[in-house]
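Secondary and tertiary structure notes
Listed below, chain by chain, are the residues.
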Amino acid sequence: MGRERGQRGGTGEASVDDDAAACLDELIVESRDLQSDAMRAARASIPDLVEVREARRGQPVDPSEARRFDEGRRALVRRLGLGAGGAAASGILGTTLATLLTRPAAADTPLDVRIMQTASSLEIVAINAYQIALGLPFIANGNPAVKKFAQTTMDQHSQHNKAFQSQARALGGPPQTAANPKYAKRVQQAQPTLKALPDVVELASTLEEVATNTYLSDLAMLTDTKSRSVMGSVMGVESQHLATLRSVGALLRAGKEELVKIPTDAVALPAAVGSVAFPEPFEPTTMASPPDEGAVR
Amino acid sequence: MTTPSGHERSGMDSSGMDSSGTEPTAKDPSVGRPPICEQPVGEARLLGGGAGRTSMTRRGLLGVGAVATVGLVATACASAPPEPKSEQRNREIGPKVTATDEDELAVVTTAAKLEYLAADTYRKSHEALDAGTVGPVPAAVAHYVRVAHDQHQAAEDRWNRVRTDSHHEAVNEPPEGLPDKVENMFSAAKRWQDLAELALLVEQTVADTYLEALPSLRSKDLIALAGSLQVIDQQHQATLYFVLGRYPVPDVFQQTDYAYRG
């Protein structure tokens, strides 16, 4: 405290009883001893904490764990009266403590926001990929149905992106305006290899499958129900993009490009076209991107 | 590879068909019959000129249906090695999932009933195709009907498994109000396109119901299951749109217009 035992107040009169002063001094000494012990213990545990950090590095945040942590902190805020209107919320210390305790876990950005941001990042990759495809001569001057699909799908992804950005804002977070780094790199690497229509279909199929699987995985992680509805609504359409590309890819591999048209010749379609779009009875999440992959940094 | 419903895909390359665009063959593990292989004829065979027909049962439609199927026929095909029974069972059963409360149980029940309706609709459709009551049927359509039936059967089984794991009996009936509508459309069907439109309506109903249910579910496993099946049903629709000559992705955002609300 900095005050020597026996110091007087400015009036010169005795302001602290001698016994109380002695007690206070003892408490101060005890406090310093406790702090020294605590600091010693904390320093000793740092190597263990570093080990834990390294072990968990790169692992996705467990959303239920993050949620419980956030709820626990909010409950603590309420119990301590640090919430809005709480008696302890006033003053610098109370305000600071309340702010610290109510800040969400995991990089200070709620999971739902990061999910929306990553979804946006995937949509941006898709938009860019279809834009690249439409610039290729064998697409621009090729099969009209394929060109129409690329144009329509690009537009749909643009609207999906806007929906995810809007939802991120609604949740209090910034929208993502950048492409998903992992898949932007994949597209960039694939670009020189896009020599014919099957190459483009394969790349687009991958991106649509990533989107479908990611959004399916996201559904169970989202706590905001409006966000879940938006995600489900978009996922339903990405599913159909994927289904279409699988069918087109199969026709191309079978040498039946002439059937890639609308309306098609249903009688001439190979039998397997009836099921190639949905190889499994339950959609997996094998290619799902984790929530942080495209989150705003 | 064998699906949970027992359908094994064989004789196909990674594209889902061999280079002659031939009929995929099927093996029903429960029956133990070998893959069916026929010589290519190079053109579609009309329904009625094929091999002997067999009666359909609600389960295992694909296993017996392949013989009577119209279409471009298969070359000699190579079947994939059968999947170990333990792996089949693991994938068929999946992890134990239960409904957390009565509201979720209601969703599970509705889902099971809708899947029952879908599987039953496809079963009857296949019988109609097989009987020739709707005229010539494209091979892709006949194959679609069989696979879609098996997938909806698997979905129904999965939802009923949730019910039994939640200590309730399985349901084996359609939801109220829909069977009459389906039956009316079925009775009026004169061509395969009419049955395809009926199937489209059923798929839209199931898919939209799953989408509508998502916000109300609390169990992560149930959300994942509903979402997973929503995807498949949306993909069924894309194929139906395509064979019907329509653009396969008509909506920017999936809606809930066709959701079943009791």
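Owing to the predicted nature of the structure, the values given are computational and were not obtained by experimental measurement. Throughout this description, residue numbers start from 1 for each chain and increase along the sequence as written. All chains are assigned letters beginning with A, and all ligands numbers beginning with 1, in the order in which they are written. Totals for whole chains, interfaces and linings use every residue, but because this is a predicted model, local features are given only for residues with pLDDT of at least 70 and side-chain atom pairs only at 80 or more, for both listing and counting. The basis for every side-chain value is the complete set of non-hydrogen atoms in the structure, without hydrogens or water.

**Concerning the nonpolar core**
- Side-chain atoms within 4.5 Å are what join buried Ala, Val, Leu, Ile, Met, Phe, Trp, Tyr and Cys residues into a set we call a nonpolar core. The buried label goes to any residue with under 20% of its type's maximum accessible area, the exposed label to any with over 50%, and the partly exposed label to all in between, with areas taken from a 1.4 Å probe on protein chains only. Within the largest apolar cluster, 111 residues are counted, with the highest numbers of intra-cluster contacts made by Phe164(A), Tyr215(A), Met231(A), Leu269(A), Trp159(B), Trp192(B) and Leu222(B).
- Helical segments are the DSSP runs of H or I of at least four residues, strand segments are the runs of E of at least two, and each set is numbered from the N terminus. At 13 residues, the largest contribution of residues to this core is made by helix H8 (residues 197-221) of chain A.
- Only heavy atoms enter the contact rule, under which two residues are in contact if any of them lie within 4.5 Å. In contact with Met231(A), other than residues within four places in its own chain, are Ile115(A), Met116(A), Ala119(A), Phe164(A), Tyr215(A), Asp218(A), Leu219(A) and Leu222(A).

**With respect to the confidence of the model for chain A**
- On a scale of 0 to 100, pLDDT captures the predictor's confidence in every residue. Considering every residue of chain A, the mean pLDDT works out to 81; 69% of them sit at 70 or more.
- Confidence drops under a pLDDT of 50 for residues 54-61 of chain A, and excluding neighbours within four residues, the segment shows four contacts in the predicted structure.

**Examining the side chain of Asp233(B)**
- Relative to the helices and strands, Asp233(B) resides in helix H7 (residues 220-243).
- For the purpose of charge, His is not counted, nor are the chain termini; Lys and Arg are scored as positive and Asp and Glu as negative. Salt bridges are defined by distance alone: a side-chain nitrogen of Lys or Arg within 4 Å of a carboxyl oxygen of Asp or Glu. Here Asp233(B) occupies a buried position and makes no salt bridge, while the nearest side chain of opposite charge, Arg246(A), is found at 13 Å.
- If near-sequence neighbours (up to four positions away) are discounted, Asp233(B) is found in contact with Glu115(B), His152(B), Glu203(B), Val206(B), Ala207(B) and Tyr210(B).

**Some details on the packing of helix H4 (residues 111-135) of chain A against helix H9 (residues 225-253) of chain A**
All names here are of chain A.
- Axes here mean lines fitted to C-alpha atoms, for a helix over just the part in contact, with angles spanning 0 to 180 degrees between N-to-C directions. At their nearest, the axes of H4 and H9 sit 12 Å apart, and the two run at 30° to each other. Comparing the axis directions of H4 and H9 gives the class roughly parallel. Two packed elements cross with a definite hand, and for H4 against H9 that hand is left-handed. Taking contact as the criterion, the partners of Ile 115, Met 116, Ala 119, Glu 123 and Tyr 130 in H4 are, on H9, Ser 227, Met 231, Val 234, Glu 238 and Leu 245.
- A per-class count over the contact of H4 with H9 returns seven nonpolar, one polar and two charged. Angle categories are assigned with fixed cut-offs, so that under 35 degrees is roughly parallel, over 145 is roughly antiparallel, 65 to 115 is roughly perpendicular, and the rest are oblique. Working rule for handedness: look at the near helix, and if it is turned counterclockwise from the far one by less than a right angle, call the crossing left-handed; if clockwise, right-handed. Each residue is assigned to one class: nonpolar for Ala, Val, Leu, Ile, Met, Phe, Trp, Tyr, Cys and Pro, charged for Asp, Glu, Lys and Arg, and polar for all the others, Gly among them.

**Regarding the packing of H4(A) against helix H7 (residues 181-190) of chain A**
Residues and elements named next belong to chain A.
- As a packed pair, H4 and H7 sit with axes 9 Å apart at the nearest point and diverge in direction by 15°. The angle between H4 and H7 places the two elements in the roughly parallel class. Between H4 and H7 the crossing geometry is right-handed. Listed contacts from H7 to Leu 122, Val 125, Ala 129 and Ile 132 of H4 are Tyr 183, Ala 184 and Val 187.
- Residue classes in the contact of H4 with H7 are distributed as seven nonpolar, no polar and no charged.

**Quick look at the interface of chain B and chain A**
- With 59 residues of chain B in contact, the opposing surface of chain A contributes 56 residues.
- Together, the buried faces of chain B and chain A total about 4800 Å²; carbon and sulfur atoms form 67% of this surface.
- Applying the counting criterion to the chain B and chain A interface returns zero salt bridges.
- By the criterion applied in these results, polar contacts are pairs of N or O atoms within 3.5 Å in which, for protein atoms, one can donate a hydrogen and the other can accept it, and in which residues neighboring in sequence qualify only through two side-chain atoms. Seen at the junction of chain B and chain A, the total is 14 residue pairs in polar contact (both at pLDDT 80 or more).
- For the side of chain B that touches chain A, the elements supplying multiple residues, two or more each, are helix H4 (139-165), helix H6 (192-213) and H7 of chain B.
- Examining the composition of the side of chain B that touches chain A, we find that 19 residues originate from one element, H7(B), more than from any other. Buried area is a sum: the accessible area each of two parts loses on coming together, probed at 1.4 Å, counted once for each and added.

**Brief notes about the side chain of Ser121(A)**
Residues and elements named next belong to chain A.
- The residue Ser 121 is located in helix H4 in this model.
- Under the relative-accessibility criterion, Ser 121 is labelled buried at 0%.
- A polar contact is formed between the side chain of Ser 121 and the backbone oxygen of Thr 118, at a distance of 2.6 Å.
- Non-local contacts of Ser 121, meaning those with residues more than four positions away in its chain, are made with Gln 176, Ala 178, Ala 179, Asn 180 and Gly 294.

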